[in-house]
Amino acid sequence: MERIIDLKEHWKSSILHDSLDQNGRDFLGACVRRLADNDRIDRIHVLCYENSTKQHLTSRCDKLNKITFHDFTKDPLGWEGTGGRNVNTNLETFLRDNHHSSPCEKHVVIVFDCLEMLLLNRPVAFTCRTIHNLSHNKFHSGIDECRVLALMHDLHDDATINAVDHVFSTVFRIRPSPWPSHTHCCHTTLKKLSGKVIKTIEHFSISEVNEIIGIATEESIAAIKNTVDVANLKSAKPTDPMANLTFNLKLTENEKTARSQVKLPYMHDTKIQEVTLHRSVGDGKIFYQPDEVDDFDEDDPDDDLDI
């Protein structure tokens, strides 16, 4: 993620997906500030469709003079008929007329804040074609390289999201970080020119002045957590399960002696055992008293057998 924002990885267009759980506007502002501080970028055009407040995107930016804001929020749908900037404005013609090209402004970044007004009020194909033409510098001959950075909210179906993602070479998905040491989690998908796709998961935080701080990969945080858990396990003292109980589980010596003298039901009494062993043989007799309903037969059942 950091290499992409610092332009150490080649990309033509990047889209930032946020969610209801984690707003991505602070991350977009941090990216704009970082691009403005990069000497390789000469001009940044911010197309404000949702929020026209400059400070919200570039808090304490040192090179604010490199950023040009274009407000599309006054009449976004063109209902007032004033002919101002709205969703029907041809962005290629608009940027061509508003980009005052100079010999030192050859590398340009176009920032969409955000794509919702275009996607909800114009066909998806129109938005995708506009992004493609802008990222491939088909609107101004005096620009050597043009990049597109856009913010997109979680308001669309899967078909729209997949169509838009297909146009962008880099996809950021911002979610809340499960680690208490970080606030944001970024799932990055980078589609390189060679066709290779690189996916990473990184955790970071954003300071009050829109700076990305504390970037760490998923693997490094998990390794640190495992190391801390092992250290805590080794340093932890074994706990006594019988400590701090409201009742006593231990026996005194007198209680142990009394317990050993108790005769349990399944244990033989010595006196009864001696009487049983010395009892004379033949004293036992069986008496049977027939019931009135018994059918007593005196005949031998084996008389018909030749035995």
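Everything numeric in this text was worked out from a predicted model, so none of it was measured.

Draft legend 1. Geometry of the pairing of strand 1 (residues 13-17). When you tally the buried positions in strand 1, you get 5 out of 5 residues, the bulk of the element. Side chains S13, I15 and H17 project from strand 1 onto one buried face, and the interleaved S14 and L16 project onto a second face that is buried too. Judged from the 5 bridges that link them, strand 1 and strand 5 (residues 145-152) form a sheet pairing that is parallel. Looking across to strand 5, one finds that S14 is bridged to L149.

Draft legend 2. The nonpolar core, seen in detail. With 31 residues, the main nonpolar core has M1, F27, I44, V111 and F204 as its most contacted residues. For this core, the element with the highest residue contribution is helix 2 (residues 25-36), accounting for 7 residues. If near-sequence neighbours (up to four positions away) are discounted, V111 is found in contact with L28, V32, I44, H45, V46, L47 and L149.

Draft legend 3. Structural view of the environment of L119. Of note, L119 is situated in helix 5 (residues 116-121). Along the chain, L119 and L155 lie 36 residues apart, while their C-alpha atoms are 9.9 Å from each other. Not counting chain neighbours up to four residues away, the residues in contact with L119 comprise V124, T127, M152, H156 and V164.

Draft legend 4. Local environment of the packing of aromatic side chains. What the rule picks out here adds up to 5 aromatic pairs. Plain terms: the ring middles of F27 and F204 are 5.4 Å apart, the flat faces sit at 40 degrees to each other, and that makes the pair tilted. Pair noted here: F27 is in helix 2 and F204 is in strand 8 (residues 197-206), with a separation of 177 residues, a long-range link. Ring centres 4.6 Å apart and planes at 25 degrees place the aromatic pair Y49 and F72 in the stacked group. Of the two residues, Y49 sits in the loop between strand 2 (43-48) and helix 3 (54-57) while F72 sits in the loop between strand 3 (67-71) and helix 4 (91-98), which places them 23 residues apart along the sequence. Classification of Y49 by relative accessible area gives buried; the value is 5%. Taken together, the ring pairs in this structure connect Y49, F72, F94 and F112 into an aromatic cluster. Cation over ring: R122 sits above F126, and NZ or CZ is 3.8 Å from the ring centre. In this arrangement the basic side chain of R147 is found over the ring face of W11, its NZ or CZ atom lying 5.6 Å from the centre.

Draft legend 5. Structural context of the sheet that holds strand 8. Reading across from one edge, 3-2-4-5-1-6-7-8-9 is the order of the 9 strands in this open sheet, with mixed pairing throughout. Two strands in the sheet have a free side with no partner beyond their single neighbour: strand 3 and strand 9 (212-217). Here the average twist between neighbouring strands, direction ignored, is 20 degrees. Two elements, strand 4 (residues 107-113) and strand 5, share 6 bridges in a ladder whose sense is parallel. The residue bridging V108 from the neighbouring strand is C146, located in strand 5. Sheet strands touched by helix 2: strand 1, strand 2, strand 3, strand 4, strand 5, strand 6 (170-176), strand 7 (184-191), strand 8 and strand 9. Its angle to strand 4, the strand with the most contacts, is close to 165 degrees. The strands touched by helix 6 (residues 124-135) within the sheet are strand 1, strand 4 and strand 5, with strand 5 carrying the most contacts at an inclination of about 145 degrees.

Thresholds, definitions, all that
Residues numbered from 1 in each chain as written. Predicted model: local features only at pLDDT ≥ 70, side-chain atom pairs only at ≥ 80, totals over all residues. Heavy atoms only, no water. Buried < 20%, exposed > 50% of the residue type's maximum accessible area, 1.4 Å probe, protein only. Helix = DSSP H or I, 4+ residues; strand = E, 2+ residues; numbered from the N terminus. Pairing = 2+ DSSP bridges. Core = buried A, V, L, I, M, F, W, Y, C linked by side-chain atoms within 4.5 Å. Contact = heavy atoms within 4.5 Å. Phe/Tyr/Trp six-rings, centres within 6.5 Å; stacked < 30°, edge-to-face > 60°. Lys NZ or Arg CZ within 6 Å of the ring centre and 35° of its normal. Axes fitted to C-alpha atoms, helices over the stretch in contact; angles between N-to-C directions.

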